[in-house]
Amino acid sequence: MIVKTVNFVKSSGKWQECPEPTIPEYAFIGRSNVGKSSLINTIMNHKDLAKTSQTPGKTQLINHFLVNENWYLTDLPGYGYAKVSKSLRKDFEKLITNYILNRKNLVNLFVLVDIRHTPQKIDLEFMEWCGENGVPFSIVFTKQDKLKPGAADRNVEVYKTKLLETWEDLPDIYITSAEKKMGGNEILKFIEKTNAY
Ligand code: GDP
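Residues numbered from 1 in each chain as written. Predicted model: local features only at pLDDT ≥ 70, side-chain atom pairs only at ≥ 80, totals over all residues.

**Q** Looking at this structure, I do not really get the overall build of the protein. What am I missing?
**A** The helix and strand tally for the protein stands at 5 helices and 7 strands. Summarising its shape, the C-alpha atoms of the protein cover approximately 40 × 40 × 35 Å along the three principal directions. Counting all 197 residues of the protein, 33% fall into the buried class. When contacts within the protein are restricted to residue pairs at least 6 apart in sequence, those whose partners lie at least 24 apart make up 74%. (Helix = DSSP H or I, 4+ residues; strand = E, 2+ residues; numbered from the N terminus. Buried ≥ 20, exposed ≤ 12 C-beta atoms within 10 Å, placed from the backbone. Contact = placed C-beta atoms within 7 Å.)

**Q** Can you walk me through helix 1 (residues 36-43) in this structure?
**A** Given 3.6 residues per helical turn, the α-helix brings residues three or four places apart onto the same face. The buried fraction of helix 1 amounts to 7 of the 8 residues, a majority that puts the element mostly inside the structure. Looking at helix 1, one finds that the buried residues are Lys-36, Ser-37, Leu-39, Ile-40, Asn-41, Thr-42 and Ile-43. Summarising the contacts, the buried residues of helix 1 are in contact with strand 2 (25-30), strand 4 (71-75), strand 5 (106-114), strand 6 (137-142) and helix 5 (184-194). Downstream of helix 1 by one or two residues, Asn-45 has phi in the positive range, about 55°.

**Q** Whenever I open this one, the site of the ligand confuses me. Can you help?
**A** Near the ligand, the surroundings consist of 19 residues, among which Gly-35, Lys-36, Ser-37, Ser-38 and Glu-179 are the closest. At 3 residues, the largest contribution of residues to the shell around the ligand is made by helix 1. (Near = placed C-beta within 6 Å.)

**Q** Teacher, can you tell me more about the sheet that holds strand 3 (residues 62-67) here?
**A** Strand pairs in the sheet, formed through backbone hydrogen bonds, run parallel or antiparallel to each other. The strand order across the open sheet formed by 7 strands is 1-3-4-2-5-6-7, and the pairing between neighbours is mixed. This sheet does not close on itself; its edge strands, each paired only once, are strand 1 (6-12) and strand 7 (173-175). Averaged over all neighbouring strand pairs, the angle between strand axes comes to 25°, with direction disregarded. In this sheet, strand 3 lies alongside strand 1 in antiparallel orientation, the contact comprising 6 bridges. By the bridge assignment, Ser-12 is partnered in strand 3 with Ile-62. (Pairing = 2+ DSSP bridges. Axes fitted to C-alpha atoms, helices over the stretch in contact; angles between N-to-C directions.)

**Q** In this structure, what is going on with the nonpolar core? I would like to understand it.
**A** Proteins that are soluble and globular tend to have nonpolar side chains buried together. Ranked by size, the top nonpolar core spans 37 residues in total, and within it Phe-110, Val-111, Leu-112 and Val-140 carry the most contacts. It is strand 5 that contributes the most residues to this core, 6 residues altogether. Those residues in contact with Val-111 that sit more than four places away from it in its chain are Ile-29, Gly-30, Asp-123, Phe-126, Met-127, Phe-137, Ile-139 and Val-140. (Core = buried A, V, L, I, M, F, W, Y, C linked by C-beta atoms within 7 Å.)

What follows is the structure in structure tokens.
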């Protein structure tokens, strides 16, 4: 898919405020600092569509972008930022979980994880929750360029092995680097294939 147009639609503080669910939607989520904004900008071939390097955990809004006039790309707030208060974190979790469970046009969730790290509890729990709730998702490894290729592949294998301890099947996996502009096309291909409405 060639991205011809991308337009910011709105920021929503509640799932009910999101745009009418009339076209397919694909959402991106991950821990703060995972590289979500950078990846979205790479996929959209845009410099600063999603704002990078904001204070982590501060922006707790759901941002909708209209792509090629026929699908939404949704930038969800980052989770797992330790420095926000407990009650704020709860509000935040509610915002994300309500959005995911209620958004009728959500086709797929891309869950981003930093390729450098061993599987983190918070990510595994989040994916487990998606599985339990029948939420379709894929795993997107970010920052591939930060490791030597062999080490990156090894980390992906470690991740898969960990998931297969409790799951029968693996979700789709993408390996990306915003720095090298790598992996975005595969994500766009998946979106093109699945967004027939
Ligand atoms: P977000 O909080 O998940 O939106 O993360 P950002 O996109 O703001 O990225 C966090 C930090 O990681 C920034 O300093 C980025 O420059 C850096 N970063 C993001 N993606 C990559 C990548 O693919 N490679 C490298 N080397 N750094 C990256």
